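Examination of the molecular architecture
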Amino acid sequence: MPEIQLLRPGHAPTLLAFEQENRAYFAASVPDRGDDYFAHFEERHRARLAEQQAGICYFHVVVGAEGEVLGRVNLVDVADGAAELGYRIAERAAGRGLATRAVRELCDLAANRYGLTHLRASSTLDNAASRAVLARSGFTVVGERQLSGQPGLSYLRSLADFTAPPGAPADC
């Protein structure tokens with residue numbers, strides 16, 4: 001089973017390969033990162049690690065048995081006990097429940113490792129797979145919004161059912 005790992009410096013080469021290999025696949029459902037993202041990847045990776053160190057964001061990679069990156073699951077804009085969830089799964093790993101498992105595991109980490117109480121997420125209306133993952137993971141639609149000029153939905157999920165009772169060991 002793939003493993004979720006907190007982003008670290010050594011992930012840079014495999015993460016870049018993941019982004020490059022899946023660029024066209026991702027662009028079909030979410031805005032493309034643009035050429036600048038790839039041209040300055042090392043700088044961006046270092047900046048993400050600094051944000052993580054500061055507790056502003058928590059970036060994770062889903063790593064397969066061969067050490068390859070199969071996905072990303074991230075918590076960004078951490079503040080006041082909440083964060084925005086974002087995720088993407090490689091085309092070759094899509095459709096097998098990996099996104100749902102990764103999102104659920106990240107909910108557990110968010111509650112028990114990072115002390116968060118709620119997660120926000122969003123998806124465009126035409127991204128049925130993402131909307132299904134959010135629904136299966138306990139997210140509820142709370143409104144409509146525009147995402148890069150496309151109609152979308154905003155979601156919210158309480159993490160109360162992931163929080164360990166006081167005195168119980170956290171499962172992380």
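These numbers were taken from a predicted model, which means no experiment stands behind them. (Residues numbered from 1 in each chain as written. Predicted model: local features only at pLDDT ≥ 70, side-chain atom pairs only at ≥ 80, totals over all residues. Heavy atoms only, no water.)

Some points on the overall build of the protein
In terms of helices and strands, the protein carries six helices and seven strands. Reading the protein from its N terminus to its C terminus gives the helix and strand order β-α-α-α-α-β-β-β-α-β-α-β-β. Taken over the C-alpha trace, the protein has a radius of gyration of 16 Å; the compact-globule value for 172 residues is 16 Å, and the two agree within 12%. For the protein, the spread of C-alpha atoms along the principal axes amounts to about 45 × 35 × 30 Å. (Helix = DSSP H or I, 4+ residues; strand = E, 2+ residues; numbered from the N terminus. Rg over C-alpha atoms; globule rule 2.2 N^0.38 Å.)

Details of the packing of aromatic side chains
What the rule picks out here adds up to five aromatic pairs. A ring pair is formed by Tyr37 and Phe38, whose centres lie 5.1 Å apart and whose planes are at 85 degrees; its orientation type is edge-to-face. A single burial state applies to Tyr37 and to Phe38, both of which are buried. Arranged with centres 3.8 Å apart and planes meeting at 10 degrees, the rings of Tyr58 and Tyr114 form a pair that is stacked. Of this pair, Tyr58 sits in strand E2 (residues 58–63) while Tyr114 sits in the loop between helix H5 (98–112) and strand E5 (118–124); the two residues are 56 residues apart in sequence, bridging distant segments of the chain. The two residues Tyr58 and Tyr114 agree in class, both being buried. Through a chain of ring-to-ring contacts, the aromatic side chains of Phe18, Tyr25 and Phe26 assemble into a single cluster. Geometry around Tyr37 places Arg33 over its ring, the cationic atom sitting 4.7 Å from the centre. Just above the ring of Phe26 sits the side chain of Arg88; from NZ or CZ to the centre is 4.4 Å. (Phe/Tyr/Trp six-rings, centres within 6.5 Å; stacked < 30°, edge-to-face > 60°. Buried < 20%, exposed > 50% of the residue type's maximum accessible area, 1.4 Å probe, protein only. Lys NZ or Arg CZ within 6 Å of the ring centre and 35° of its normal.)

Description of the sheet that holds strand E6 (residues 140–147)
Judged by pairing direction, the sheet is mixed, and its seven strands sit side by side in the order E1-E2-E3-E4-E5-E7-E6 without closing on themselves. Strands at the two margins of the open sheet, each flanked by one partner only, are strand E1 (3–6) and E6. Each neighbouring strand pair of the sheet contributes to a mean axis angle of 25 degrees, computed without reference to strand direction. In the sheet, E5 pairs with strand E7 (residues 150–158) via seven bridges, with the strands oriented antiparallel. Looking at the pairing, Thr124 lines up with Gly152 of E7. (Pairing = 2+ DSSP bridges. Axes fitted to C-alpha atoms, helices over the stretch in contact; angles between N-to-C directions.)

Some details on the side chain of Glu19
Mapped onto the fold, Glu19 is located in helix H1 (residues 12–21). Side-chain polar atoms of Glu19 contact the side chain of Arg33, separated by 3.2 Å. If we skip the residues at most four places from it in the chain, Glu19 touches Phe26, Arg33, Tyr37, Phe38, Arg72 and Arg88. (Polar contact = N/O pair within 3.5 Å; in protein donor to acceptor, adjacent residues only side chain to side chain. Contact = heavy atoms within 4.5 Å.)

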